[in-house]
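One letter stands for each residue in the lines below.
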Amino acid sequence: MSTIILAIESSCDDTSAAVCKGAKILANITASQQVHEKWGGVVPELASRAHQQNIVPVVDLAIKTAGISPDEISAVAFTRGPGLIGSLLVGVSFAKAFALAKNIPLIEVNHIQAHILAHFIDQQPSFPFLCLTVSGGHTQIVLVKDFLQMEILGETLDDAAGEAFDKSAKLLGLPYPGGPLVDKLAALGNPLKFPFAEPQIANYDFSFSGVKTSVLYFLQKEVRKNPDFIAQNINDLCASIQYTIVTILLKKLELAALHHGVKEIALAGGVSANSGLRSSFQTLADKHHWQAYVPAFEYCTDNAAMIAITGHYKYLAHQFVGQDTEPIARYPLS
Ligand code: KG4
Ligand code: ZN
């Protein structure tokens, strides 16, 4: 008989609950928070209050959608970190209360590990594979040796790839979060129109703060000459920014895969929803005859299904935690 796990994700601004039976996802419900839009970024205090409002209805809907009774749940998995502490606290507290009331075990999950294991929801990469994890807070190249054994080969020294998208979008006057909008407009533009600086960083590490500065100085210079420059070139600007970010990411991934002799590559995190990144990632894999794994859109951005699948593997490994477990804002992968 397969185990049924309830999973909770509340690390940033999405309140999500999922139910899995074995490795099969029965429900994955997410409530996004619109309240941050007018502030141009996530406001932690508003995020935790919205989680408080959303958590019960979201869990309730997940259980109903899964078609199970709360009494059939064998364990509760929750995101312990990394993330905003006030947001994490809502999910962690809910998970602990639910587990206590039902007298079932608790499973803590690292959000970044969950983004990587999201691949196992409907695919089956073979170990070892390389995962490029790109989100609003993280940019890492991870050597995935087993479900619960991962090694970071490289990571960003400053901004994350998602931040590079969002901050560049902000400079273009686009609303938050700008990443998806840059993606949409980039499809209509010329990626080679405006060359932006690529950082020269050693090993498999990344840096994106220079890209943002390069975009800023370029726009300041052009807008001085022509105040309508941004509006007149918005598609080409988005395409060029996206091309620069994608090129930086994939050059390092290619080097790491060649050096480690890995023939399977995967993409994870919110930025893996980017269509330019997805297609260039596939082109890179085809060039080397590597197998490429890209998660379905619904499992790219923050969701509890990825927490559920990670919970499933941790359940099999008997990795449980007690009621004294606290959220961790900075939670390294390894
Ligand atoms: O993984 P995620 O949902 O949350 C974090 O854990 O950070 O990632 C959110 C990030 C944001 O920076 C957002 O702009 C970016 O992913 N993003 C995109 C796209 N969709 C989401 N960036 C570029 N193109 C997209 N289509
Ligand atoms: Zn995330």
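The structure under discussion appears in the preceding block.
The structure displayed is predicted, hence computed values, not measured ones. Position numbers for residues count from 1 along each chain, tracking the sequence in the order it is written. Throughout, the order in which chains and ligands are written sets their labels, letters from A for the former and numbers from 1 for the latter. Local features are withheld for residues below a pLDDT of 70 in this predicted model, meaning they are given only at 70 or higher, and side-chain atom pairs are given and counted only at 80 or more; totals for whole chains, interfaces and linings count all residues. Values reported for side chains reflect all heavy atoms of the structure, with hydrogen atoms and water molecules removed beforehand.

(A) Here's a closer look at the nonpolar core. Leu130 and Ile265 are the most contacted members of the largest nonpolar core, which totals 48 residues. Of all elements in the fold, only strand E6 (129-134), strand E7 (139-146), helix H4 (161-171), helix H5 (179-186), helix H6 (209-225), helix H7 (229-260), strand E9 (264-268) and helix H8 (275-288) reach the threshold of two or more residues within this core. By definition, any uninterrupted DSSP run of H or I lasting at least four residues is a helix, any uninterrupted run of E lasting at least two residues is a strand, and each is numbered from the N terminus. Considering each element in turn, this core owes the most residues, 15 residues, to H7. For this analysis, residues touch if any pair of their heavy atoms sits within 4.5 Å. With sequence-adjacent residues up to four places away left out, leucine 130 is seen in contact with Ile141, Val142, Leu143, Leu153, Leu253, Ala256, Ala257, Val262, Glu264, Ile265 and Ala266. Residues belong to a common nonpolar core when they are buried Ala, Val, Leu, Ile, Met, Phe, Trp, Tyr or Cys residues joined through side-chain atoms within 4.5 Å. Throughout, exposure labels follow a simple rule: accessible area from a 1.4 Å probe, protein chains only, divided by the maximum for the residue type, with under 20% read as buried, over 50% as exposed, and the rest as partly exposed. Listed in part, the 33 residues of the second largest apolar core include Ile5, Ile116, Met150 and Ile307.

(B) Structural view of the sheet that holds E7. Any two strands are treated as partners once DSSP identifies two or more bridges connecting them. Spatial strand order, E8-E7-E6-E9-E10: five strands in an open sheet with mixed pairing. Because the sheet does not close on itself, it has two edges, and the strands there are strand E8 (149-155) and strand E10 (291-293). In this sheet, neighbouring strand axes are inclined to one another by 25° on average, regardless of whether the strands run parallel or antiparallel. As paired strands, E6 and E9 are joined by four bridges and run parallel to one another. Paired with cysteine 131 across the bridge in E9 is alanine 266. Simply put, an axis is a line fit to the C-alpha atoms, just over the touching stretch for a helix, and the angle between two N-to-C directions goes from 0 to 180 degrees.

(C) Inspection of the sheet that holds strand E5 (residues 106-110) at higher detail. Strand order across the open sheet formed by five strands is E3-E2-E1-E4-E5, with mixed pairing between neighbours. Edge positions in the sheet fall to strand E3 (24-32) and E5, since each has one partner strand and no second. When strand polarity is set aside, the average angle formed by the axes of neighbouring strands in this sheet is 20°. Pairing geometry for strand E1 (residues 4-9) and strand E4 (residues 75-81), over four bridges, is parallel. Its bridge partner lying in E4, isoleucine 5 is registered against alanine 75. Relative to E4, helix H2 (residues 85-102) is tilted by about 160°, and along the sheet it contacts E1, E4 and E5. On the sheet, helix H9 (residues 305-316) packs against E1, strand E2 (14-21), E3, E4 and E5 and is oriented at approximately 130° with respect to E1.

(D) Spotlight on the packing of H4 against H7. Interaxial distance between H4 and H7 falls to 11 Å at its minimum, and their mutual angle equals 165°. If you check the angle between H4 and H7, you find them roughly antiparallel. As for the relative orientation of H4 and H7, their crossing is right-handed in sense. Contacts between H4 and H7 involve Ala161, Ala164, Phe165, Ser168 and Leu171 on the former and, on the latter, Ile230, Ile241, Gln242, Ile245 and Leu249. Grouping the amino acids of the contact of H4 with H7 by side-chain chemistry returns eight nonpolar, two polar and no charged. Under this scheme an angle from 65 to 115 degrees is roughly perpendicular, one under 35 degrees roughly parallel, and one over 145 degrees roughly antiparallel; angles in between are oblique. Definitions for this section: a left-handed crossing has its near helix turned counterclockwise from the far helix by less than a right angle. A right-handed crossing has that turn clockwise. Nonpolar residues are Ala, Val, Leu, Ile, Met, Phe, Trp, Tyr, Cys and Pro. Charged residues are Asp, Glu, Lys and Arg, and all others, Gly as well, are polar.

(E) The arrangement of the site of ligand 1 in detail. By nearness alone, 18 residues border ligand 1, and Gly136, Asp166, Asp183, Gly270 and Asn274 come closest of all. Any pair of nitrogen or oxygen atoms within 3.5 Å is treated as a polar contact; in protein, a donor-acceptor pairing is required on top of that, and neighbouring residues in sequence qualify only through side-chain atoms on both sides. One nitrogen or oxygen atom from the main chain of glycine 137 is found 3.4 Å from an oxygen atom belonging to ligand 1. Relative to its unbound accessible area of 560 Å², ligand 1 is 88% covered by the protein chains. Put simply, the parts of the chain that give the shell around ligand 1 at least two residues each are helix H3 (111-117), H4 and H5. Counted by class, the shell around ligand 1 contains four nonpolar, 11 polar and three charged residues. Mapped onto the domain boundaries, the shell around ligand 1 takes at least three residues apiece from domain 1 (4-117 + 299-316) and domain 2 (126-294). Whether a residue is near a molecule or strand depends on its heavy atoms: it is near if one of them lies within 4 Å of it. Reported accessibility uses the Shrake-Rupley method at a 1.4 Å probe radius. Residues are deemed covered only where the shown protein chains occlude them. Domain boundaries shown here were taken from an automatic or database domain assignment.

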